Amino acid sequence: MKNFTSIEDVPNPKGLIQDVINLIDQSNHSTIGKEKTLGMVFFNPSLRTRLSTQKAAQNLGMEVIVLNIDKDAWNVEFEDGTTMDGDSQEHIRDAVKVISSYCDLLAVRTFASLTNRQQDYEERELQNFLKHSSVPVISMESATLHPLQSLTDMATIVHTNIPKPKVVLSWAPHPKPLPQAVANSFLEWVTELQAEVVVAHPKGYELSEKFAAGYKVTHNQQEAFKNADIIYAKNWSSYSDYGARPAVEENWTITSELMQKTNQAQFMHCLPIRRNVVATDAVIDDSLVYQQAKNREYAAQAVIKNLLEVL
Ligand SMILES: NCCC[C@H](NC(=O)CCC(=O)O)C(=O)O
Ligand SMILES: NC(=O)OP(=O)(O)O
């Protein structure tokens, strides 16, 4: 594996999921990363990804340096060929060349504009990192994908030991427009599981065909929940009317009553979660969300180890 920015970078996804499961069952530390440095660059906030990736690198003996580029560095210009006489002091190509010169691996969190679909889906910021970094790049969530989250989620689902689970990816309400990244990535990875997958969302919230093609999609949340073993909740904004939040008539908040329609399903969410908007307190408090968050450490550790092995 040369980079980790989507499932397409992973030669053996099932093997990587198994590596994470092995770490869940028996966490271990190694010194493979001794005298090596992980650089972590954030363009927007993070709690889990930041701490779990840092912890994972430390478990492997690495040093970690962190740059909150949106807060602590110069304003970055992303357009090529522009005359930089405005508010941006530093071009992304210079920034990435310099940052990667201090690191052996470079992890980056970029962001979705939710205003320019073409630019987001071309992954302009992430592509600049891939193009200009002299070391392997790890995505800590990009404009359209969140592969560390999805790797974690797959390992968490397999670890429940439910044979051939019915897995429902359910849209849920949110007061703000959010990216499609977590849902896109989930659908990219869930094909690796022996599972029946159903996507439930209101009309107007169709995901890109690139990710949704081949999956059963329903606008009936109650129907989707019947016999489900895993409920994976996530809000996302519209892909077709990019970044919009079309009105939804029914209440899609995940409640205990709704969970009662399932086969005693386990509730999952990547966090952060807006309590009593996405799901009720009772649903969240009896769920896999903290196991999921803990498993982020193991997913990051499996990915970093894999990349270090081929340095
Ligand atoms: N990194 C995991 C998810 C991050 C992001 N959620 C958020 O931005 C929540 C913000 C809020 O609750 O206002 C998302 O949905 O893609
Ligand atoms: N789930 C997740 O990526 O959380 P953070 O945004 O806090 O890193």
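Residues numbered from 1 in each chain as written. Chains lettered and ligands numbered in written order. Predicted model: local features only at pLDDT ≥ 70, side-chain atom pairs only at ≥ 80, totals over all residues.

(A) Representation of the site of ligand 1 within the structure. The environment of ligand 1 is made up of Glu141, Lys176, Leu178, Pro179, Ala181, Val182, Cys270, Pro272 and Arg274. A class-by-class count of the residues in the shell around ligand 1 yields six nonpolar, no polar and three charged. (Near = placed C-beta within 6 Å. Nonpolar A, V, L, I, M, F, W, Y, C, P; charged D, E, K, R; others polar.)

(B) Structural context of the UniProt feature "domain: Aspartate/ornithine carbamoyltransferase carbamoyl-P binding" (unreviewed entry) in the protein chain. Here, UniProt's "domain: Aspartate/ornithine carbamoyltransferase carbamoyl-P binding" (unreviewed entry) annotation points to residues 25–157. Along residues 25–157 the backbone is 39% helical and 18% strand, and the end-to-end C-alpha distance reaches 14 Å. (UniProt positions renumbered as here; feature names shortened; annotations may be inferred. Helix = DSSP H or I, 4+ residues; strand = E, 2+ residues; numbered from the N terminus.)

(C) Summary view of the nonpolar core. Counting residues in each nonpolar core, the largest one holds 86 residues, and the members touching the most others are Val168, Ile231, Ile254, Phe267 and Ile304. Residue contributions to this core peak at nine residues, all from helix H13 (residues 289–309). Here this core gathers at least three residues from each of two domains, domain 1 (7–145 + 294–309) and domain 2 (161–287). Among residues more than four places away in sequence, those in contact with Ile231 are Val168, Ser170, Phe225, Ile254, Met259, Thr262, Ala265, Phe267 and Met268. (Core = buried A, V, L, I, M, F, W, Y, C linked by C-beta atoms within 7 Å. Buried ≥ 20, exposed ≤ 12 C-beta atoms within 10 Å, placed from the backbone. Domains from an automatic or database assignment. Contact = placed C-beta atoms within 7 Å.)

(D) Inspection of helix H6 (residues 124–132) at higher detail. By the burial criterion, the buried members of H6 are Glu125, Leu126, Asn128 and Phe129. Taken end-on, H6 shows its buried residues confined to a sector of 155°, consistent with a single buried face. (Arc of directions from axis to C-beta.)

(E) Summary view of the domain arrangement of the protein chain. According to the domain assignment, the protein chain contains domain 1 (7–145 + 294–309) and domain 2 (161–287). Relative to domain 2, the C-alpha centre of domain 1 lies at a distance of 26 Å. At three residues, helix H1 (residues 13–25) tops the list of elements feeding residues into the side of domain 1 that touches domain 2.

(F) Region of the structure containing helix H8 (residues 181–190). Burial of H8 is extensive: nine of the ten residues sit out of reach of the surface. Of the surrounding elements, those touching the buried residues of H8 are H1, helix H7 (147–159), strand E7 (166–171), strand E8 (196–200), helix H9 (209–212) and strand E10 (230–234).

(G) A look at the sheet that holds strand E9 (residues 216–218). The strand order E9-E8-E7-E10-E11 describes an open sheet built from five strands, whose pairing is parallel. Either end of the sheet is taken by a strand with one partner, and the two such strands are E9 and strand E11 (266–268). The mean angle between the axes of side-by-side strands here comes to 20°, regardless of whether they run parallel or antiparallel. Pairing analysis gives five bridges linking E7 to E10, with the strands arranged parallel. Residue pairing in the sheet places Ser170 in a bridge with Ala233 of E10. (Pairing = 2+ DSSP bridges. Axes fitted to C-alpha atoms, helices over the stretch in contact; angles between N-to-C directions.)

(H) Examining the packing of H7 against H13 more closely. Interaxial distance between H7 and H13 falls to 8 Å at its minimum, and their mutual angle equals 115°. As judged from the angle between their axes, H7 and H13 are roughly perpendicular. Every pair of crossing elements has a handedness; the one defined by H7 and H13 is right-handed. Taken together, the residues of H13 that come into contact with H7 (itself represented by Leu148, Leu151, Thr152, Asp153, Ala155 and Thr156) are Gln291, Gln292, Asn295, Arg296, Ala299, Ala300 and Val303. A per-class count over the contact of H7 with H13 returns six nonpolar, five polar and two charged. (Parallel < 35°, antiparallel > 145°, perpendicular 65-115°, else oblique. Left-handed = near helix turned anticlockwise from the far one by under 90°.)

(I) The UniProt feature "binding site: N(2)-succinyl-L-ornithine" (unreviewed entry) in the protein chain, seen in detail. UniProt records the feature "binding site: N(2)-succinyl-L-ornithine" (unreviewed entry) for Glu141, His174, Lys234 and Arg274 in the present numbering. Among the structural elements, Glu141 can be located in the loop between strand E6 (137–139) and H7. A count of 26 C-beta atoms within 10 Å places Glu141 in the buried class. Leave out the neighbours within four places in its chain, and Glu141 touches Thr49, Arg109, His146, Gln149 and Ala181.

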